[in-house]
Amino acid sequence: MKRLQKQLHASEQERTILQQDVQRLQHKLQKGERDARSIVMQNKWLEKQTSQADRILTEAVEVERRKANDEMGRVRESMKGVLERERMLMRGRMAGGSSSSERGGGRDNVVVGGENDIDLNKGAPKRILDGVKIVREVDQVDDEREESDPWTAM
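All values derive from a computational prediction rather than experimental measurement. (Residues numbered from 1 in each chain as written. Predicted model: local features only at pLDDT ≥ 70, side-chain atom pairs only at ≥ 80, totals over all residues. Heavy atoms only, no water.)

Peer 1: Teacher, can you tell me more about the overall build of the protein chain here?
Peer 2: Broken down by element type, the protein chain carries two helices and two strands. Each helix and strand of the protein chain, placed in order from N terminus to C terminus, yields the pattern α-β-β-α. (Helix = DSSP H or I, 4+ residues; strand = E, 2+ residues; numbered from the N terminus.)

Okay, here's the thing in structure tokens:
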């Protein structure tokens, strides 16, 4: 009987140890399941972030592509205008060269109409900055400097 009681006592201790092992393993399993769910949630969030980043990047590329195409169109149109003015200038020179040689020389003034052309006979154009006219006459400024500069050689 003592032997059976010893066996019973040993079996109960072993059973307690096994139950503790089972509980410890169940806790590990539950922690692993929680970690797996957390990883799945993080992956979904990262996929959304990646998708959003891809969408933003695609939109930015499209905007930049449109800007570049618009700029290329403006440059193309500007170049067309420049080429047309050059053609007109060359035609004028060719026509002026043949008529001036017939008249005995001289150059005709050929005006090539362009909004950015400067008439050299009129001098520097007046500039407007914030609604205030800025006129700078270089000759006057140079004359004033010469008069006020004591180091100018006489």
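Peer 1: Looking at this structure, how should I read the pattern of salt bridges?
Peer 2: For the structure on display, the rule yields seven salt bridges. Between R87 and E84 there is a salt bridge, and its shortest N-O distance comes to 3.3 Å. Of the two residues, R87 and E84 both sit in helix α1 (residues 2-103), three residues apart, roughly one turn of that helix. Under the relative-accessibility criterion, E84 is labelled partly exposed at 33%. (Salt bridge = Lys/Arg side-chain N within 4 Å of Asp/Glu carboxyl O. Buried < 20%, exposed > 50% of the residue type's maximum accessible area, 1.4 Å probe, protein only.)

Peer 1: Which parts of the structure should I look at to understand the confidence of the model for the protein chain?
Peer 2: Close reading of the predicted structure is inappropriate where its pLDDT is low. When pLDDT is averaged along the protein chain, the result is 78; 62% of the residues meet or exceed 70. Mean pLDDT across the elements of the protein chain bottoms out in strand β2 (residues 132-134) (46) and peaks in α1 (91). With pLDDT under 50 throughout, residues 100-108 is counted as low confidence; its partners more than four residues away or in other chains account for six contacts. In this model, residues 131-139 is a region of pLDDT below 50 whose contacts with residues beyond four sequence positions or in other chains number nine contacts. (pLDDT = per-residue confidence, 0-100. Contact = heavy atoms within 4.5 Å.)

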